[in-house]
Every structure is written in C-alpha cells, then in structure tokens.
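Coordinate inspection notes
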Amino acid sequence: MKKKVMVFLLTATMLASVLAGCSSGEKDSGDTNKTDTEQRDTQKDTEDKEEVSKGEQEEVVITIGEHVANIEQQSPHVALIVEKFQETYPNIKIDINGAEVEEHLTKMKLAAQNDNLPDIIWLEQPIAKEMAAAGYLYDMTDALNEYGINNYFLPGLVNSCTVDGKDYGLPSEIMMVGFFYNKSVFEENNVEVPTTFEEFMSVIETLKGNGATPIAIGAKSNFSVWAFQSMLTRYGFFEKLDGLESGEISWVNDDFIKFFEKVEQMAQAGAFSENAATIDYFEAKEIFLGGNAAMFNSGAWDIAAFEESDIADQIGFFWGPTFTDGAGTQEQAIKTSGGVYTISQKASEDPVKLDAIMKFFEFYYGETGTKIIAEDTKGLPTTSYDGAVDAQKNPVFSEMLIRLNDDWASVKEPFSSLTTNVGNTLFDAIFGVINGIYSPEEACQVVEDAMALER
Amino acid sequence: MNWFSTKKAKAVFLTPALLIYGIFLIFPIVVAAYYSFTDFSGIGKENLVGLENYTRMFGDRLFLISLKNTALVLLCSFFMILIFSFFVAYLLNKSFVGNSVSKAMIFSPYVIAPIIVGIIWGFILNPQFGLLNTILRSIGFDNLAWEWIGGKSLTPVAIAIVFTWQVLGFHATIFLAGMKTISSDIYEAASIDGANRRQTIFLITIPLLKETIIMNVVLIITGVFKIYELVYQLTGGGPNHLSEVLISYMYYTVFTSSRYGYGMAIAVFVLILSIVFSFSYIQISNKRNKRGAVS
Amino acid sequence: MNQKKSTLGKIVFYFIIISISVIIVIPFLWMILLSFKTNNEIINSPLSIPELLNPENYKKALNTLDLLQMYGNTLFLVVIAVFFSTAFTFMSSFAIAKMSFKNNAIPNGIYLFLLLGLAVPVYILLFPIYRINLKSGILGSYLGLILPYIAVNISFNTLLFVGFLKDFPSELIEAPIMDGINLIQLCTRVVIPVMKPTFVTVILFNAIYIFNEFPFASTFLNDTNKYTLSLMASMFKGQYSMDYGAIIAASIMIIIPELVFYAFFQKYIISGMTEGAIKG
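Parameters at a glance
Residues numbered from 1 in each chain as written. Chains lettered and ligands numbered in written order. Predicted model: local features only at pLDDT ≥ 70, side-chain atom pairs only at ≥ 80, totals over all residues. Helix = DSSP H or I, 4+ residues; strand = E, 2+ residues; numbered from the N terminus. Rg over C-alpha atoms; globule rule 2.2 N^0.38 Å. Buried ≥ 20, exposed ≤ 12 C-beta atoms within 10 Å, placed from the backbone. Contact = placed C-beta atoms within 7 Å. Nonpolar A, V, L, I, M, F, W, Y, C, P; charged D, E, K, R; others polar. Pairing = 2+ DSSP bridges. Axes fitted to C-alpha atoms, helices over the stretch in contact; angles between N-to-C directions. Parallel < 35°, antiparallel > 145°, perpendicular 65-115°, else oblique. Left-handed = near helix turned anticlockwise from the far one by under 90°. Expected span 1.5 Å × (residues − 1). Bend = angle between axes of the 7 residues up to and from the residue. pLDDT = per-residue confidence, 0-100.

**A short note on the overall build of chain C**
- Tallying secondary structure elements over chain C gives twelve helices and zero strands in all.
- Secondary structure elements of chain C occur, N-terminal to C-terminal, as α-α-α-α-α-α-α-α-α-α-α-α.
- The C-alpha atoms of chain C give 24 Å as radius of gyration, which overshoots the globular expectation for 280 residues (19 Å, by more than 25%).
- Along the first, second and third principal axes, the C-alpha atoms of chain C reach 75 × 70 × 30 Å.
- Looking at the 280 residues of chain C, the share that counts as buried comes to 48%.
- Counting only contacts in chain C whose residues sit at least 6 apart along the sequence, the fraction spanning at least 24 positions is 77%.

This is the structure:
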C-alpha cells in the first residue's frame, strides 16, 4: 500500500514539476486579464488600420523589470503607459514584472551575473553605473539622438546616467527634493518660510520652544536624507567630486566639516523627532501628515500621498537653507532623476527588439506618456509639460510644478554619483550626526575611509 | 540489526538526502567560501584577494559591534529559553482541562513569520509610542520607560526577549515530544519508591531527556546566530549599526553596500563559530554519556 | 491536609499556565487592535481604541492580494516539500542510527555532516542556488523552491530523527526478524508508528518553515501568480510607501487559519502521541 502511495506521489511530483517548468517558461504579465483581451481586440483593428512600421508583421515581446511588486497600485503611470502603448503598437507585447525595491535590485544583480536580465530594467544609478562598466547594459547615446528622445526632457534630466560620457539610462521619475512644511503649524507658531540657514535655525528653535516637533525623520530608512544631500551640494560637493574620487581631496575637508556642523547644530537644537532612531521613513511621513511635525524632508514622489491626506491644502515646499559659508552656487537644488530605465546589452543585439524598445521610450517620454503621467496619475513628469493644472484640486502638484521650473540651478543627487558602498556610508554619516553618535569630523572620516577602499 | 544493513539498503536510504543536501547546501557553501576570498561586489568580475576580507573583519568596528551584540543576545536568551521551555513543557505534559488550548496559545508565536513578529514588537517596544512604555507611563513608572530599542545599549536585551517569546513554544514542543517517549511505568516505579517531585525531575526526567536537551541546545545556539529579521524590523540595525547582529550586518554588507566578497567572509565566520559552539557541546555531552550512562 | 494541598496546588498550577498563555498572546491581541486602525492612527495615536471597527485595512488587503491563490500556492509547496524532506531524512536518519557500519565513525561522520546545515544562514545560499536553478532550467518554477527547501530542512530533521531514533528500543527491531519481514515493512509497521510524535513534530516544523520562508521565495519567483503567502508584505510596499495597516490585516488573515489548523491538528495527534509512548 505504501509502495503504491509512494509511486503515485512521485509521479504526481514529476508531473507537477514538468508543468511548473513549462509555466515558468511562459511569461505572465502583471495585469494578465486586462491586456490579453485588449490585445485580441486591437489586433483585429490593426488589420483594418494598416499602420506602417518596421517589422510590423513580426510580433516582438519586450520584458520589463520594475521596482514595485504591485504595478497597478504603486506605479500606476507605468501600468497605464504600458497598456496604451500596446494599443498603439499591437504587434509589440510587453511583459512587465516587478518586485519590491530591495528584492528587485537583488534579483537584477543575480540576473546580470547570469545573463538573465529583462530587456528594460529599472535600476538605482550607482548600480546601473556598475553594471554598465561591467558590460551588461546598452550604450544608448546614439539611439537617443536617432529617436529624438533627448528633446523631450527638462533641463537637468538629459544625460541622467552616464559612464565615460556615454548614456546608459533614462530618468524614471523626477527626484526633486527639499522640505515640505505644514503651513498652519508655521502660522500657529508665527514663523515664516526660511531661506538662509540662520533663518532656518531660528524657525527650528521657535518651533521647538513651543513644543512642536520641527522635522519628522525616520533613521531606520537610511536613505531618507534627501534635503541634506541638497545641503551638501551647497558646500561644493560636485566641484570636489573629481578630487574626491582621485584622492586629491579628502572627505575630511573644511567645507564638509562645516556641512556636518550645521546638521549637528540642528540635532542639538532638537530639530528632529525624539524617536527618530526607531521609526522609518513611512512612519515619519505619517507623523507629518497627522499634523504632528512642522516639516518633512521628501520629494516629488510623495505628491499623491500628500494630496490624499487630511492636510493637503496646508502643505508647502521649499528647497532648504542656503549657507553664507557655503561653497559655490547656493541657489541650486536637486532636480534630477532618481532611478533610471536601462536597456540590457543582450536586448540591444536584436535590431527589431531594439527598435521596439526605443519606440516604447519615445512613447513614454513623448507627449502621450507625459500627459498620462501628469494628468491621469498626477505625477511630475521628467519631460516638458505645459498643460493646465488646477491649483485648487491639486495644490501640492501645482506648487511643485512651479518650483520645478523656477530659476534655481539643477544639480544631481550626490548618492547617484558615488558607489553603493560610499553612498550608503554617506547616509550613515548624516544619520550618525543626527542621532548624536558621530561628531562632524568623525562623520567625514567614516566616509573618507569608505572612499579610500575604492581608490 | 545486521540483517538489514546491506550495502544496497544503506545506499538507497542515504542517497536521496545526501544528494539534495550536497547540491543545494554544501556546494553553495563552498561557492560562498570561494567568494569570501575575493573582492566581488555582486556585479562584474571578482579578483582573488586572499585573506584580506578576514583580516579586515577584525579591524572593522561595525563587525566587532555586531559580534558583541550577538554574544549578548546569546547570553541573555540561552538560559531563559532552555529553562523556561523545559518548565512549560513539564506543565503541559500533565493532562488538564484546556491543555490543547494552552498548547496552541503557547506555540502560536512560532507560527508567525519573523518579519511580522518584528513589526508587532516594534509597535510594542517603541520608546515613544509603543505599548509597553505607554502603559508604564500611565501607571506612573516613568523611570522604567527605558529606550528598549533605538537606544545605544538595550537593544540586544530586547532582541533576546522577543526571540524568547518567538521560540518558546518551539523548544517546549521538542521537550514535550521527548517527555512523551518516557513511559509512565518509570514514574510509577519511582513514586512507589517514594521519590518526591524534585527528585523525579532531576534524577529521572532530565537524565532521560539527554538527547532532547542536546537538540534544544544546538537549536538555540544556531538559532541565535541566525537572527536577522527581528533586528531588521525593530531597529534596522541602528542607530548607525549600533544594534547590528552578525547576520544583519552581513545582510547590510552584501545587499545594501554591495560588498559581496566581504559579506561572505562574515557569513563563513558565523558558520564556523556556530558549528564550533554547537559541536563542542554535542561532543562534550556524548563523552559524558559514554562515561556515566546506562542506556 | 492532602486535599487542601492538592487544591492549592491545582490553583497555583492553573494560575501559572493561564498567565503564561495570556502573556504570550498579548502581542496578538495588540496586532488585532492595530489592524482596525488607519496608518495615521497607528503612528499618531497608538493607544486609542478605534470607535468603529474600521475594516478598511482588511478590504485593502483582500483587494490587493489574491489570498486564495497565494494560499493554494503555499499549500502546494508545503505538501510536496514536507513529504519529501520528511521521507528522505527519515531514511537517512534510520541508516545513521540503526544500521551497522564497519566503522562507527562513518555514521557519526555522516550525522555531523548533515547537521552542518543548522548553522547556515540562508542568505549565503541565495546567489549559488540562483545559478544552479538557472542553469538547470528550474528558476522560477516550484521545483526550484522545493529542492532548496528540502535541503535546508534536512539538518533539523536529522537532528530530531536521529536523536529520537537513538532512544528507540532495539528489542522492537530485533523481534520482528523472527516473523521474517523485510526492511520496508519494518519501517512502516514497527518504527514509524512508534515514532509518531517525532514525525508529527518534524512535519509541523517543516511546514511552518516553508509557510514563512521568505529569501528563496522572493528571489527565485518572478511570476506574481506563483507568489506564496510570505511575500504578501511586498505587495504593499511601494518604493516610497508602506501600508502597515494592510500588512497587519493581511497577516491576521493568514495566521488565523494556520492557528486553527494547528489547534485541530494537534488535538488529533494527541492520541497518536500517547499510543506511541507505550512500550511493548
């Protein structure tokens, strides 16, 4: 009896694994049902329409690897664009899969090593640059010019991800960061939006004196120091970058020490939530949205969340403080790209596929895609957009749009110009000073040590 | 027992497990050990760097912190878990009304995924808005409302407590399974001879549970060395890596900092440490067994 | 006098058992309370009792997750992997503990060798197994998860099986020789029935491990339709957003059936346990 059971189970397992093996070859897309029916319908239409395009009769499949698991809910603009694109180009099918950011990046690193990358891959810039250097990504400089995609971008968003002057990535979103503030909390405490650091400190001190939490921040999310990165650029980060990389300039220099001293000053004045070390970025956001903190450092990606919150029409934005003892331009802010879309080297070797991919990007960054992003999903597009925005309905969105186009110079994010190791150490250093664990000199030294490993 | 110990029987019985184990566990460890001698970042080509990763480890301040924290967690939780789970198993071994309900309740923490355990206890231990401190403050014990997590030193203790909560039922169940194999005849004989409760426990139950105790000790030690999700959820290893344990620091090195080679060196070190601790215990207990046991 | 002692004893006993059980369960109750709050309330007013039982988190969880599918996927994995890991390890443990070898060092060596896995942090295995799976074409399939799951559980199972088999009375094995049975029958008719508590324990723990296993499942699975329950938290994490309330609600919906199953399961095997303990 047992023998029979064993035989049955073994057969069942073999069957199951064969089936499982088969179905892993099939690639299901994230929103299967919807797209399948639409594809079937539009396919019938195309036969009547007769659009002329290269390789129209051949079906091409593009695979995309995204950094969220639930694309409809967490990257709705991508889901919409993918859908509309397939309607417009019925012979091009898109198979899009995603995972939560950290999991996604791990998978992509594994995939790269094993020649298993999807055709289009979302990556953080440091990783993209490492992969490009290792030969896994496609140099799209010429292709971008050929398809005219660079023409669509806002200044500061072209050349989003370059290695040795060649382009490897396209901006997936705007990284536009600074301090959001709660207008009613400011009013209650009789403070105004600060420009210089001295003004900023006096705002913090007044708020703290009245018992309000000046800035909500979550130390568990070591990446949530965007506005501080802007501040670092106002101490000449980018001017020093080449020197830092070659070793001519050490991280332990006067300007950077002054930068960390400013952070220390803020920490000692009680600018940060008491429990910063035990909360993460999401919890800090909830604290801000619950009206329990005056300011919150974040960026354009939070527009939707802010507009859905209870304090939507009280949220304002400013670029952060300028420094009288700073280095270089003070009126500059991070208006750059965050993650980037890259193309795998393997995909680029098939000309039909490459053409399909470039068409997709053309669609994404062209007028149709831009409209979808700005109007249907209320995201800030990386491309020029001059549609009408209803300031009443979308107060945060319209304010950010204005700021995006103001006359502050745009700089990149320091983190994207460093290796993953040094970048994360920089985050640690900033939080170290915020948490009162590092002195300004120690903070500089820690990053210097990490950078020394790379030289 | 010789009649069935044929070569064929041994081959058939041993091969499946050894094969799968060899391919999916041993071989990967060997590969990981190889990478521990390189400077591989996770992407691109690796270069052999000999023992550099290992020497760097012991000069790495953050690594030493994680080592110290792991030792603290082990120290705090080891006796707590061993003694407490034995005690609970002893109680559950008796039949009483509500026995299965108690078993289910005590075992339930082990069923939850570690990441959820971390989330829930995060909301309990948070010094500002967590359940524990809010209750302490509301009954006037403000000075006991310490920084359980997120502070500079208490986190390992908190981790030990949460870990104990999580695995108590697990270890109690193992003790219970062991206790169930002791037949009631022995206890009857003992009570006829006039043994009281303490004598029964220490002179009969515990010696007969030798194997079970070894099992639990090995499981606790290896379990503590592998703690990761709890630390990640409670403090993220912070502030500034002050509350890292060995595996959470390894995770940071491999996945966040992209220093795969170095991370593998840490992992290999943890592996060796864990093995040395548990195997020494097994060998010592076995020697004691041989000396004094009447099987 | 004796009666007084035993009543007092009983009260103390019940008091201790009930306190322990309740204290252990408090975090669960806290979790249930949190599941009825919005994210805002969880962070900003943690102790407040929500006036209404706000089911929004549960609605969100149900809308985002296909719980039935995820449960089905997980159960499939659990059944297959647990069956094979239990069977294979029982066989190897029996060989180690009960078969005779020319040199005693061999079974002891194999035993220690198989225990190594206990000390292994699974993250160390991710990259190599990914490559193995990819090269053998099983990446993304369930087989690519089942095999590593079996491998990882072998150590724990060996520890338990060998440990309890060592104490298994030899007379029970020697005796049936007279009746002329073969090896397989010996195992199925004599050894396994007496080892029921051990089997139950092993199966239970293997199942829980796989239910909650995260690193392998998240790295080796690509198709969201194949996702297991442990990956559900990832469905609620955007790059810049995390829905704690929904995660807690989803966790409760996953845990409660597990606990109910455990409660029934262990009641059913109570009889099995006491049967097995009786010596012949």
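There's more to say after this.
**What about the overall build of chain B?**
- Assigned secondary structure in chain B consists of 13 helices and zero strands.
- Each of the three principal axes of chain B carries a C-alpha extent, and together these read 70 × 70 × 30 Å.
- Sorting the 295 residues of chain B into buried and exposed places 50% on the buried side.
- Restricting to contacts in chain B with at least 6 residues of sequence separation, those with at least 24 account for 69%.

**Brief notes about the interface of chain C and chain A**
- At the junction of the two partners, chain C supplies 32 residues and chain A supplies 36 residues.
- Within the residue set of the side of chain C that touches chain A, elements represented by two or more residues are α2 (39-44), α4 (67-98), α6 (126-135) and α11 (215-220) of chain C.
- Its residues assigned to classes, the side of chain C that touches chain A shows twelve nonpolar, 17 polar and three charged.

**Details of the environment of L242 of chain B**
Residue and element names in this part refer to chain B.
- Along the chain, L242 turns up in the loop between α11 (229-234) and α12 (246-256).
- In the structure, L242 is positioned 32 residues away from K210 in sequence and 38 Å away in space, judged by C-alpha atoms.
- Apart from the residues within four sequence positions on either side, L242 is in contact with I65 and K152.

**What about the interface of chain B and chain C?**
- The interface is formed by 74 residues belonging to chain B together with 75 residues belonging to chain C.
- Considering every element that reaches the side of chain B that touches chain C, the biggest residue donor is helix α1 (residues 7-35) of chain B, with 17 residues.
- Of the residues that constitute the side of chain B that touches chain C, the class distribution is 56 nonpolar, 13 polar and five charged.

**Comments concerning the sheet that holds strand β2 (residues 92-98) of chain A**
Residue and element names in this part refer to chain A.
- In spatial order, the strands read β2-β1-β3-β11-β5-β4; together these six strands make up an open sheet with mixed pairing. Because the sheet does not close on itself, it has two edges, and the strands there are β2 and β4 (161-163). Within this sheet the neighbouring strands show an average axis-to-axis angle of 25 degrees, counted without direction.
- In this sheet, strand β3 (residues 120-123) lies alongside strand β1 (residues 60-66) in parallel orientation, the contact comprising two bridges. Among the inter-strand pairings, I64 is bridged to a residue of β3, identified as I120.
- Packed onto the sheet, helix α4 (residues 76-88) meets β1 and β2 and runs at close to 165 degrees relative to β2.
- Seen against the sheet, helix α16 (residues 351-365) touches β1, β2, β3, β5 (166-171) and β11 (340-343) and runs at an angle of roughly 55 degrees to β1.

**Description of the packing of helix α3 (residues 61-92) of chain B against helix α10 (residues 210-225) of chain B**
All names here are of chain B.
- Orientation of α3 relative to α10, taken along the N-to-C sense of each, is 150 degrees, at an axis distance of 10 Å. Judged by the inter-axis angle, α3 sits roughly antiparallel to α10. Crossing hand, α3 versus α10: right-handed. Within the contact between the two elements, α3 uses T70, V73, L74, S77, F78, I81 and L82 and α10 uses N216, V217, I220, V224 and F225.
- Split into classes, the residues belonging to the contact of α3 with α10 amount to nine nonpolar, three polar and no charged.

**So, the pairing of β1 of chain A**
Residues and elements named next belong to chain A.
- Most of β1 sits inside the fold, with six of its seven residues counted as buried.
- Direction of pairing for β1 relative to β2: parallel, over a ladder of seven bridges. Bridging from a neighbouring strand, G65 pairs with N97 of β2.

**A word on the packing of α4 of chain A against α16 of chain A**
All names here are of chain A.
- Direction vectors running N to C along α4 and α16 enclose 120 degrees, while the axes themselves pass 10 Å from each other. Classified by the interaxial angle, the pair formed by α4 and α16 is oblique. Crossing handedness for the pair α4 and α16: right-handed. Here α4 contributes I81, F85 and T88 to the contact with α16, which in turn contributes F360, F363 and Y364.
- In terms of residue class, the contact of α4 with α16 is built from five nonpolar, one polar and no charged.

**Re helix α4 (residues 99-111) of chain B**
Residue and element names in this part refer to chain B.
- An ideal rise of 1.5 Å per residue puts 18 Å on 13 residues; α4 measures up with 19 Å between its terminal C-alpha atoms.
- Of all the bends in α4, the largest measures some 25 degrees and sits at M105, one to four residues before the proline P109.
- Taken across its 13 residues, α4 has ten buried, putting it largely inside the fold.
- When we look at burial in α4, the residues that qualify are S102, K103, A104, M105, I106, F107, S108, P109, Y110 and V111.

**A closer look at the confidence of the model for chain C**
Residues and elements named next belong to chain C.
- On average, chain C scores 84 in pLDDT, and the residues at 70 or more come to 90%.
- Mean pLDDT across the elements of chain C ranges from a minimum in helix α12 (residues 244-277), with 71, to a maximum in α4, with 93.
- Here residues 271-280 is modelled with pLDDT under 50, and outside its nearest four sequence neighbours on either side it reaches 18 contacts, counting other chains as well.

**A short note on the pairing of strand β10 (residues 332-337) of chain A**
Residue and element names in this part refer to chain A.
- Counting buried positions over the six residues of β10 gives five, a clear majority of the element.
- With three bridges joining them, strand β6 (residues 174-182) and β10 adopt antiparallel strand pairing. When the sheet's bridge partners are listed, I174 is paired in β10 with S337.
- In terms of strand pairing, β10 meets strand β12 (residues 409-411) through three bridges, oriented parallel.

**A few points about unusual backbone geometry**
- A positive phi angle, near 50 degrees, is found at N159 of chain A, a position not held by glycine.
- Within the secondary structure layout, N159 of chain A lies in the loop between α7 (141-146) and β4.
- Look at H241 of chain B: it is not a glycine, yet its phi comes out positive at around 65 degrees.
- Counting through the fold element by element, H241 of chain B comes out in the loop between α11 and α12.

**Remarks on the environment of T141 of chain A**
Residues and elements named next belong to chain A.
- Structurally, T141 is set in helix α7.
- For T141, a count of 15 C-beta atoms within 10 Å corresponds to the partly exposed category.
- Sequence separation between T141 and N159 is 18 residues; the distance between their C-alpha atoms is 8.8 Å.
- Not counting residues up to four positions away in its chain, the partners in contact with T141 are K166 and D167.

**So, the environment of F363 of chain A**
Residue and element names in this part refer to chain A.
- Of note, F363 is situated in helix α16.
- A tally of 19 C-beta atoms within 10 Å means that F363 is categorised as partly exposed.
- Between the C-alpha atoms of F363 and T88, which are 275 residues apart in sequence, the distance is 9.5 Å.

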